[in-house]
Each structure stands twice: as structure tokens, then as C-alpha cells.
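Understanding the architecture of this molecule
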Amino acid sequence: DGGITQSPKYLFRKEGQNVTLSCEQNLNHDAMYWYRQDPGQGLRLIYYSQIVNDFQKGDIAEGYSVSREKKESFPLTVTSAQKNPTAFYLCASSTLTGGAYEQYFGPGTRLTVT
Amino acid sequence: AQSVSQHNHHVILSEAASLELGCNYSYGGTVNLFWYVQYPGQHLQLLLKYFSGDPLVKGIKGFEAEFIKSKFSFNLRKPSVQWSDTAEYFCAVNMNNFNKFYFGSGTKLNVKP
């Protein structure tokens, strides 16, 4: 069954701790993305990766880091430098369909930092 | 900077009412356009997309959207909504076929039974 998995669904951390969110896809997609979803703000791009061992900052990369060592995996680390880390985090991947890119989303991880 | 605007943040309708959600983008080049839906507690899923050709596109569950290039718009429509359409709807744009997507702020639709 092809898709994108994110774990865990809910994550709780104390302020000052780094935390890593997992994202795995078995769709054989080259590109992967991390978004943050906050009420009333839509999806904001944190980082994206077009290919393995390469990634670019999105619009709100400060306080986050990523790695892309394998095609299937794109973990996101929320560092203690991120001022407002509590949010819903969505991972996505994309592929060319009919000559244009199309994105697919994982179920998300809700992170609460207290 | 490129942007995507959804002007209706929260819409409340009764069942059988008609729906139109606005989406405007600011980019003069080639665009691919998408509407996604997020039902409560579920994944974001693709409702419909426009890549080229007929500017009126039909999606799942009776939704359609019209691309009007001169107005930089891609409004979502449904002639008769159901309670099960209660969800949050996001417009997204991909510009010049570059592998990066821009999302609007979302519209929460509440359909009263």
C-alpha cells in the first residue's frame, strides 16, 4: 500500500528540547517537503528536497533542520531555537503527473511544546 | 513575492446551498492550480487540479473549479453542498512548473444539516 507515513501522530516535548519528526514515503517520489499548518495561516513551507542529499530552505526555515540521506526519508528536527514550535506538521512528496508536479500528503504530526 | 489569497476564511451554509470559494494568485507566468480538502481528522487530499486545456475542471464529489487567467483566479464551486462537505479547503499554486507549491490560508466550510 503506497503512501506517506508520519510518526508519531501526537508528540509532546518540553521547551528547550530538540525533537525529530519522521516522514517516510514508498511512492518512489524524488521531491519531499515539510509544511507547518497553523489556524488561519494555511500551509507554510519549512524545507523541501528535490533529490537525495540536497534540500532548500522554505519560507520559515529558522529553528528547523532536515536531512535527506535516503530517497524514502525526510526527517525534520525542530530545534530549541524555534520560537513557536507548537503546530501541526505535514510532510508531502511530489511527482510529475501528466507533465506537471502533483503533491501527496502524509497524515501529519501534532507537536505540542510546553 | 508570489502569493495565494483565499478571501473567505469561514463559510457557513445550509445543505443544498450553492458554494463558491475564491482563490486568487499573484504570478503572471505559467501556473498549475490545485484545490485540496482536509476533512476533520483526515489527510489533506486532492480535490481537483488544473494543468492546461479546458479551464473548467471537474473533481471528486461534484466539485468543479474555473481558471480565469485574466483575473488570476481559480474559484471552487459546488451547486449543492452536503453536510459531509464540512471541511477546510486549500487552494495551491505551482508556478512555471517548478517543483514548489504555494498555499492559501484556507477556508473552513461548515454545512448545517
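Going by the structure above, here's the rest.
So, here is what we can say about the structure in this document. (Residues numbered from 1 in each chain as written. Chains lettered and ligands numbered in written order. Predicted model: local features only at pLDDT ≥ 70, side-chain atom pairs only at ≥ 80, totals over all residues. Heavy atoms only, no water.)

1. As for the pairing of strand S1 (residues 4–7) of chain A
Residues and elements named next belong to chain A.
- Only one face of S1 is buried, namely the one carrying Ile4 and Gln6, since none of Thr5 and Ser7 on the opposite face is buried.
- Two strands pair when backbone bridges link them, and S1 and strand S3 (residues 19–25) are joined in this way by four bridges, in the antiparallel orientation. Looking across to S3, one finds that threonine 5 is bridged to glutamate 24. (Buried < 20%, exposed > 50% of the residue type's maximum accessible area, 1.4 Å probe, protein only. Helix = DSSP H or I, 4+ residues; strand = E, 2+ residues; numbered from the N terminus. Pairing = 2+ DSSP bridges.)

2. Description of the packing of aromatic side chains
Residues and elements named next belong to chain A.
- Across all of its chains, the model carries 16 aromatic pairs over all chains by this definition.
- Summarising the aromatic geometry, the rings of tyrosine 35 and phenylalanine 105 are spaced 5.9 Å apart at their centres and angled 40 degrees between planes, so their arrangement reads as tilted. Highlighted residues: tyrosine 35 in strand S4 (residues 31–38) and phenylalanine 105 in strand S10 (residues 100–105), separated in sequence by 70 residues.
- Under the relative-accessibility criterion, tyrosine 35 is labelled buried at 1%.
- Given the relative accessible area of 6%, phenylalanine 105 is considered buried. (Phe/Tyr/Trp six-rings, centres within 6.5 Å; stacked < 30°, edge-to-face > 60°.)

3. Structural notes on the environment of proline 107 of chain A
- One can find proline 107 of chain A in the loop between S10 and strand S11 (109–113).
- By relative accessible area, which is 31% here, proline 107 of chain A ends up partly exposed.
- Distance in space between the C-alpha atoms of proline 107 of chain A and cysteine 23 of chain A is 9.9 Å, their sequence separation being 84 residues.
- Not counting chain neighbours up to four residues away, the residues in contact with proline 107 of chain A comprise Ile4, Gln6, Phe88 and Leu90 of chain A together with His43 of chain B. (Contact = heavy atoms within 4.5 Å.)

4. Thoughts on the interface of chain B and chain A
- Contacts between the two partners involve 20 residues from chain B and, on the opposite side, 24 residues from chain A.
- Both sides of the chain B and chain A interface together cover about 1,900 Å² of buried area, and 53% of this is carbon and sulfur.
- Counting across the interface, chain B meets chain A through one salt bridge.
- Across the pair glutamate 102 of chain A and lysine 49 of chain B runs a salt bridge, and its minimum N-O distance is 2.5 Å.
- Put simply, chain B and chain A have eight residue pairs in polar contact (both at pLDDT 80 or more) between them.
- Among the elements of the structure, strand S5 (31–38), strand S6 (44–50), strand S10 (87–95) and strand S11 (101–103) of chain B are those that each provide at least two residues to the side of chain B that touches chain A.
- For the side of chain B that touches chain A, the element with the highest residue contribution is S5 of chain B, accounting for four residues.
- Grouping the constituent residues of the side of chain B that touches chain A by class yields nine nonpolar, eight polar and three charged. (Buried area = accessible area lost by both parts, 1.4 Å probe. Salt bridge = Lys/Arg side-chain N within 4 Å of Asp/Glu carboxyl O. Polar contact = N/O pair within 3.5 Å; in protein donor to acceptor, adjacent residues only side chain to side chain. Nonpolar A, V, L, I, M, F, W, Y, C, P; charged D, E, K, R; others polar.)

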